[in-house]
Amino acid sequence: MPTDSILELKDLQVFYGDKHVVHDVNLKFPPKQITAIIGASGSGKSTVLRSLNRMNDDLATVTGAINFHGVNINQPQVNVYRVRQRIGMVFQQPTPFPMSIYENVIYGLRLAEVKDRAVLDQRVEESLRQAALWDEVKDQLKASALALSGGQQQRLCIARTLAVRPEIILMDEPTSALDPVSTSQIEDTLVQLKEQFTIIMVTHNMQQASRSANWTAFMHQGHLIEFDQTAKIFMNPHEQQTADYLSGKFG
Ligand SMILES: Nc1ncnc2c1ncn2[C@@H]1O[C@H](COP(=O)(O)OP(=O)(O)OP(=O)(O)O)[C@@H](O)[C@H]1O
């Protein structure tokens, strides 16, 4: 386990109705690192990820503590909107809104009623640069985001998430809908982003986990089987189930 953590799960359990899908997960996510969550389909990866910024509130019952800087955000009185500003999410399919590139990036700032044009302009440039998209779109900020390629749209969605200056970015298979070139651009972007942000990513792509992630969590049938530095998980896992999954024996 890492010594330092920005987010810590204590006895996390998730139920869809009476179906118990995540069992007793205890995990510490280290700050300014990339953590990958891997495991077979249906093992509960996305359910855990969505719980981290309370996106399961309407779908599931989530018990246990989700301590963000030591404060349990899995409590009814916590402001979910603020949680999602600080813990943002990028989805599997790029989800640009049918509006300009500029308006897409500042969408969250508009919701927060930021109106100062200089602040908005500055945040657009900063976020697009961080998402490694600025050079490609700086002369067409008023053009429709829907005209961008899939890989550019996904980087735009990353920029939109970054614009509200979150501390943690959750990513649910962020490259599974993309071609290899776009995938490698996003992976390069992630490595840059971890200088400033904590990234927690669900991925089915084992090369992606081993290339990009500092830490890897392996889940199986709703249980966290093993969590360790990525090199250790891939080269010398402690648990037989981890070794079997990585060698393709199941999943
Ligand atoms: N909205 C839902 N209602 C009921 N059951 C759900 C819901 N979402 C997921 N499940 C179930 O919860 C379990 C875990 O699903 P989850 O999507 O978290 O797994 P996953 O590891 O992310 O899978 P995948 O890799 O296929 O995306 C599965 O049995 C799934 O069928």
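Residues numbered from 1 in each chain as written. Predicted model: local features only at pLDDT ≥ 70, side-chain atom pairs only at ≥ 80, totals over all residues. Heavy atoms only, no water.

Labelled according to an unreviewed UniProt entry, the protein chain appears under the name Phosphate ABC transporter ATP-binding protein PstB, originating from Limosilactobacillus pontis.

K.L.:
Any chance you could break down the packing of aromatic side chains for me, citing the residues and the numbers?
P.N.:
Throughout the structure, instances matching the rule amount to 3 aromatic pairs. Between Lys142 and the ring centre of Tyr102, over which it is positioned, the NZ or CZ distance is 4.3 Å. The positively charged end of Arg160 is found above the aromatic ring belonging to Phe97, 4.0 Å away from the centroid. (Phe/Tyr/Trp six-rings, centres within 6.5 Å; stacked < 30°, edge-to-face > 60°. Lys NZ or Arg CZ within 6 Å of the ring centre and 35° of its normal.)

K.L.:
Outline the site of the ligand, listing residues and values.
P.N.:
Neighbouring the ligand are Tyr16, Lys19, Val21, Ala40, Ser41, Gly42, Ser43, Gly44, Lys45, Ser46, Thr47 and His204. Within the backbone of Ser46, an N or O atom sits 2.8 Å from an oxygen atom of the ligand. Contributions of two or more residues to the shell around the ligand are made by strand 2 (19-29) and helix 1 (45-52). Among the elements that line the shell around the ligand, the one with the most residues is helix 1, at 3 residues. Looking at the shell around the ligand residue by residue, the classes come out as 3 nonpolar, 7 polar and 2 charged. (Near = heavy atom within 4 Å. Polar contact = N/O pair within 3.5 Å; in protein donor to acceptor, adjacent residues only side chain to side chain. Helix = DSSP H or I, 4+ residues; strand = E, 2+ residues; numbered from the N terminus. Nonpolar A, V, L, I, M, F, W, Y, C, P; charged D, E, K, R; others polar.)

K.L.:
I'd like a description of the layout of surface pockets, backed by residues and values.
P.N.:
Its boundaries defined by the atoms lining it, the largest pocket holds a volume of some 510 Å³. Lining the largest pocket are 18 residues, and of these Arg84, Met89, Tyr107, Gly108 and Leu111 lie nearest its centre. Those elements that provide at least two residues to the lining of the largest pocket are helix 2 (80-86), strand 6 (87-90), helix 4 (107-111) and helix 7 (150-162). Looking at the lining of the largest pocket residue by residue, the class counts come to 10 nonpolar, 6 polar and 2 charged. (1 Å grid on protein atoms, 1.4 Å probe; cavity = no way out; pocket = protein on both sides within 12 Å on 5 of 7 lines; lining within 4 Å. Points joined across faces, edges and corners; volume = space filled by probe spheres on them.)

K.L.:
Any details on helix 5 (residues 117-130)? Residues and values, ideally.
P.N.:
For an α-helix, the turn length of 3.6 residues means that residues three or four places apart are oriented alike. For helix 5, which comprises 14 residues, the first-to-last C-alpha distance of 20 Å matches the rise-based estimate of 20 Å (1.5 Å per residue) to within 8%. Regarding helix 5, the residues found buried are Leu120, Arg123, Val124, Ser127, Leu128 and Gln130. Buried residues of helix 5, viewed axially, fall in a sector of 155 degrees; they line one side. On its buried face, helix 5 is in contact with helix 3 (101-105), helix 4, helix 6 (134-137), helix 7 and helix 8 (180-193). For helix 5, the N-terminal cap is Asp116; the gap from its side-chain oxygen to the backbone nitrogen of Ala118 is 2.9 Å. Remark: Ala132 follows helix 5 within two positions and exhibits a positive phi of approximately 55 degrees. (Expected span 1.5 Å × (residues − 1). Buried < 20%, exposed > 50% of the residue type's maximum accessible area, 1.4 Å probe, protein only. Arc of directions from axis to C-beta. Contact = heavy atoms within 4.5 Å.)

K.L.:
Describe in detail the pairing of strand 10 (residues 223-229), supporting the description with residues and values.
P.N.:
Here strand 9 (residues 215-220) pairs with strand 10 via 6 bridges, running antiparallel. Bridging from a neighbouring strand, Phe218 pairs with Glu226 of strand 10. Between the antiparallel neighbours strand 9 and strand 10 lie 2 residues, among them Gln221 with a positive phi of about 50 degrees. (Pairing = 2+ DSSP bridges.)

K.L.:
Before we move on, could you go through helix 7 and cite the residues and values that matter?
P.N.:
When the terminal C-alpha atoms of helix 7 are compared, their 18 Å separation across 13 residues agrees well with the 18 Å that a helix rising 1.5 Å per residue should span. Helix 7 sits mainly inside the fold: 12 of its 13 residues count as buried. Within the sequence span of helix 7, burial applies to Gly151, Gln152, Gln153, Gln154, Arg155, Leu156, Cys157, Ile158, Ala159, Arg160, Thr161 and Leu162.

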